[in-house]
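# Per-entry structural report
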Amino acid sequence: ILNVEQSPQSLHVQEGDSTNFTCSFPSSNFYALHWYRWETAKSPEALFVMTLNGDEKKKGRISATLNTKEGYSYLYIKGSQPEDSATYLCANQAGTALIFGKGTTLSVSS
Amino acid sequence: DAGITQSPRHKVTETGTPVTLRCHQTENHRYMYWYRQDPGHGLRLIHYSYGVKDTDKGEVSDGYSVSRSKTEDFLLTLESATSSQTSVYFCAISEGRTYEQYFGPGTRLTVT
């Protein structure tokens, strides 16, 4: 089992704050690291798939970095908005399947 | 949105009864997955399929079986439902290039 750990478990910020979360995964036999956004009462939606050490990807105000040598990825949200409130999941790819972390739940107050 | 539907969307059943959940896709993707979502556990993989009649177990496969007789349908069966199988079940599909997954709307199953 390629355990994935995410921290913090939950986070509450004010509108306009920038924030970041951490995803840790085993650095051996690495294939890819996925990030998903999961809003309440909806289904998870893919944000990024990252494969190369040093990868940095961006989608609007959300960006992610990857360090495969030390086994971690950071997700950054710049200028948080209430609509960013969601659970953010990372997943380690094991062959053709994904092993998900338990997620970081972000709450943004206006 | 990827064309994935799940049926039923909600089901209440009694302990010991068989239950089958269906996942249907219109994307012709090769890979299909079943997850369960429980508080404190996130998403856990039950079974997955890498082609018609080709399936494999995930991390929480005990008490579940699957079948895939055609590309578009992936069935999850609880042979004899238990209360510990009360959960929300999500189906996902992937075309296999990046293995990025697209999720269905989920099925809420309650076993009384």
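Structure's up top.
Residues numbered from 1 in each chain as written. Chains lettered and ligands numbered in written order. Predicted model: local features only at pLDDT ≥ 70, side-chain atom pairs only at ≥ 80, totals over all residues. Heavy atoms only, no water.

## Observations regarding the overall build of chain B
In terms of regular secondary structure, chain B is built from 0 helices and 11 strands. Taken from N to C terminus, the helices and strands of chain B fall in the order β-β-β-β-β-β-β-β-β-β-β. By the compact-globule yardstick of 13 Å for 112 residues, chain B fits well, its C-alpha radius of gyration being 13 Å. Put simply, chain B has 112 residues, and 48% of those count as buried. Partitioning the contacts of chain B with sequence separation of at least 6, the portion at a separation of at least 24 is 55%. For chain B, the computed accessible surface area is about 5300 Å², with 45% contributed by carbon and sulfur atoms. (Helix = DSSP H or I, 4+ residues; strand = E, 2+ residues; numbered from the N terminus. Rg over C-alpha atoms; globule rule 2.2 N^0.38 Å. Buried < 20%, exposed > 50% of the residue type's maximum accessible area, 1.4 Å probe, protein only. Contact = heavy atoms within 4.5 Å. Areas by Shrake-Rupley, 256 points an atom, 1.4 Å probe, with all protein chains shown as cover.)

## Some details on the environment of Leu11 of chain A
All names here are of chain A. Among the secondary structure elements, Leu11 is positioned in strand S2 (residues 10-14). Classification of Leu11 by relative accessible area gives partly exposed; the value is 23%. Along the backbone, Leu11 and Thr104 are 93 residues apart, and their C-alpha atoms lie at a distance of 7.3 Å. What Leu11 contacts, discounting residues up to four positions off in sequence, is Thr19, Asn20, Phe21, Thr105, Leu106 and Ser107.

## Considering the interface of chain B and chain A
On the chain A side, the residues contacting the 19 residues of chain B number 18 residues. Across the chain B/chain A interface, buried area totals approximately 1600 Å², and carbon plus sulfur atoms make up 64% of it. In terms of surface lost to chain A, no three residues of chain B exceed Leu43, Tyr99 and Phe103 of chain B, which account for 32% of the buried area on that side. Between the two partners, chain B and chain A, sit 0 salt bridges. Counting the contacts that link chain B with chain A gives 4 residue pairs in polar contact (both at pLDDT 80 or more). If you list the elements that add at least two residues to the side of chain B that touches chain A, you get strand S4 (31-38) and strand S5 (42-51) of chain B. Residue composition of the side of chain B that touches chain A, by class: 10 nonpolar, 7 polar and 2 charged. (Buried area = accessible area lost by both parts, 1.4 Å probe. Salt bridge = Lys/Arg side-chain N within 4 Å of Asp/Glu carboxyl O. Polar contact = N/O pair within 3.5 Å; in protein donor to acceptor, adjacent residues only side chain to side chain. Nonpolar A, V, L, I, M, F, W, Y, C, P; charged D, E, K, R; others polar.)

## With respect to unusual backbone geometry
In this model, Ser7 of chain A is joined to Pro8 of chain A through a cis peptide bond whose omega is -5 degrees. Counting through the fold element by element, Pro8 of chain A comes out in the loop between strand S1 (5-7) and S2. In this model, Ser7 of chain B is joined to Pro8 of chain B through a cis peptide bond whose omega is -10 degrees. Of note in this structure, Asn29 of chain A is not a glycine but carries a positive phi near 55 degrees. In this fold, Asn29 of chain A is placed in the loop between strand S3 (19-24) and strand S4 (33-38). For Asn29 of chain A, a relative accessible area of 73% puts it in the exposed group. Although it is not a glycine, Lys53 of chain B adopts a positive phi angle of roughly 70 degrees. Tracing the sequence through the fold places Lys53 of chain B in the loop between S5 and strand S6 (54-57).

## What to know about the sheet that holds S1 of chain A
Residues and elements named next belong to chain A. What the 5 strands build is an open sheet, ordered S1-S3-S8-S7-S6; its pairing is antiparallel. Whereas interior strands pair on both sides, the edge strands pair on one side only; in this sheet they are S1 and strand S6 (56-59). Sheet twist, expressed as the mean angle between neighbouring strand axes with direction ignored, is 15 degrees. (Pairing = 2+ DSSP bridges. Axes fitted to C-alpha atoms, helices over the stretch in contact; angles between N-to-C directions.)

## Let's talk about the state of the cysteines
Residues and elements named next belong to chain A. In the structure shown here, the tally under the stated rule is 2 disulfides over all chains. Each sulfur in the disulfide pair Cys23 and Cys90 lies 1.9 Å from the other. On the sign convention where negative is left-handed, the bridge of Cys23 and Cys90, at about 80 degrees about the S-S bond, is right-handed. Of this pair, Cys23 sits in strand S3 while Cys90 sits in strand S9 (residues 86-94); the two residues are 67 residues apart in sequence, bridging distant segments of the chain. (Disulfide = S-S within 2.5 Å.)

## Description of the pattern of salt bridges
Side chains that carry opposite charge are capable of pairing whenever their charged atoms lie near each other. Within this structure, the stated rule accounts for 8 salt bridges over all chains. Across the salt bridge formed by Glu39 of chain A and Lys42 of chain A, the nearest N and O atoms sit 3.9 Å from each other. Note on Glu39 of chain A: relative accessible area 25%, which makes it partly exposed. The salt bridge involving Lys70 of chain B is made with Asp73 of chain B; its shortest N-O contact spans 3.7 Å. A single salt-bridge network, built from bridges that share partners, covers Arg37, Glu39 and Lys42 of chain A.

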